[in-house]
Amino acid sequence: MGYQGKEKRRHVRVARALAMQFRLKKSKQPQADTDTWHLSLTSDMSASGISFESVIPFLPGDIIELQVVLSGVLEVVKGEGKVIRAEEKQPGKLYMVAVELKKHL
């Protein structure tokens, strides 16, 4: 049935599948790959956050750089954010990543 408590988000979150790319910028993980860009689709987004599926098992606190293509206007929104959580959707294969946006580039 879903969460029934008071909403804690500051901004309205909308379900939207938009093309995006992302890469790890800073992590506590040893040997973390900070060079490779990965492709995905957004799951939902707001003015302060975004969620998407990833094959990369991010850790809370990881900093990522991301670029999202806004459909209809073909504008690319660039930003940097902190991973809040990464929930395993398919064990060892796919994760739902929630990111708090910290900086627009």
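Residues numbered from 1 in each chain as written. Predicted model: local features only at pLDDT ≥ 70, side-chain atom pairs only at ≥ 80, totals over all residues. Heavy atoms only, no water.

Draft legend 1. Spotlight on unusual backbone geometry. Here the phi dihedral of Gln31 falls at roughly 65°; this positive angle occurs in a residue that is not glycine. Along the polypeptide, Gln31 turns up in the loop between β2 (19-26) and β3 (38-45). (Helix = DSSP H or I, 4+ residues; strand = E, 2+ residues; numbered from the N terminus.)

Draft legend 2. Geometry of the packing of aromatic side chains. Using the criterion set out here, one finds two aromatic pairs in the structure. Considering the side-chain rings of Phe22 and Phe52, the 4.7 Å spacing of their centres and the 40° angle between planes classify their relative orientation as tilted. Residue Phe22 is found in strand β2, and its partner Phe52 is found in strand β4 (residues 49-54); the two are separated by 30 residues along the sequence. Across this residue pair, the class does not change: Phe22 and Phe52 are buried. Put simply, the rings of Phe22, Phe52 and Phe58 pair up and form one aromatic cluster. (Phe/Tyr/Trp six-rings, centres within 6.5 Å; stacked < 30°, edge-to-face > 60°. Buried < 20%, exposed > 50% of the residue type's maximum accessible area, 1.4 Å probe, protein only.)

Draft legend 3. Just the environment of Phe58, in detail. Topologically, Phe58 is positioned in the loop between β4 and β5 (63-70). The residues contacting Phe58, other than those within four sequence positions of it, are Phe22, Leu24, Gln29, Phe52, Ile64, Val83, Ala86 and Val97. (Contact = heavy atoms within 4.5 Å.)

Read these as layout, nothing more, since geometry by itself doesn't imply function.
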